[in-house]
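Coordinate inspection notes
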Amino acid sequence: MNNWKFKLLICILSALVISSCGFKKIGQPELRTLTLHFKADSVINDQVLLPVDIIVTPAPVMKKIVQIGPEAWFGSQFRDTLLDDEIYPLAISGGGERTKKIVLKDITKILVYADFENAMNRDAQQLLLDCPKEDNQYEILIKDKNLELKQ
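Here's a quick rundown of the structure. (Residues numbered from 1 in each chain as written. Predicted model: local features only at pLDDT ≥ 70, side-chain atom pairs only at ≥ 80, totals over all residues. Heavy atoms only, no water.)

1. Some remarks on the overall build of the protein chain
- Of regular secondary structure, the protein chain possesses two helices and eight strands.
- Helices (α) and strands (β) of the protein chain occur, in sequence order from the N terminus, as α-β-β-α-β-β-β-β-β-β.
- Taken over 151 residues, the protein chain has a buried fraction of 34%.
- Counting only carbon and sulfur atoms, one obtains 56% of the accessible surface of the protein chain, whose full area is about 9700 Å². (Helix = DSSP H or I, 4+ residues; strand = E, 2+ residues; numbered from the N terminus. Buried < 20%, exposed > 50% of the residue type's maximum accessible area, 1.4 Å probe, protein only. Areas by Shrake-Rupley, 256 points an atom, 1.4 Å probe, with all protein chains shown as cover.)

2. Remarks on the nonpolar core
- If you look at the biggest cluster of nonpolar residues, it comprises 27 residues, and the most contacted ones within it are L36, F38, I54, I110, V112 and I142.
- Mapped onto this core, the elements with two or more residues apiece are strand 1 (33-40), strand 2 (50-55), strand 3 (87-92), strand 5 (109-114), strand 6 (126-130) and strand 7 (137-142).
- In terms of residue count, strand 1 provides more of this core than any other element does, four residues in total.
- Ignoring any residue separated from it by four or fewer positions in sequence, one finds I110 in contact with L34, L36, I54, I55, V56, M62, L104, L127, L128, L129 and C131.
- F74, L82, I87 and L111 belong to the second largest nonpolar core, which has nine residues in total. (Core = buried A, V, L, I, M, F, W, Y, C linked by side-chain atoms within 4.5 Å. Contact = heavy atoms within 4.5 Å.)

Below, the structure written as structure tokens:
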């Protein structure tokens, strides 16, 4: 009689231990979030609202977008094909601040494009950010006609 009680007790304890453990889903990438805080100078973009896109795509798609460049990106049909979790649009005016939380999935780089009115310098209108697992927050400064990553 005592033997079956002991086995029952072991089964109950085992079930409690197993149910209290969290299991990572097999085959699912670990989801990480990244916070981007944008801070604009008092006068930017010839005092016109500045469109900004945060692009979060796998590396092969990212390469195609980088080839398009920020000058052509905002009028590109390719822009309209991205899913909601691949593009995070925002607009900011002089003196404004915006914060976006981005879900990275298995992404290691993100691209930020800005559509400045009269800027011709490609490097001033884009930031390519590495997303190491240690960092989860970046501050991006918006100057008169360029984007800068605050160090």
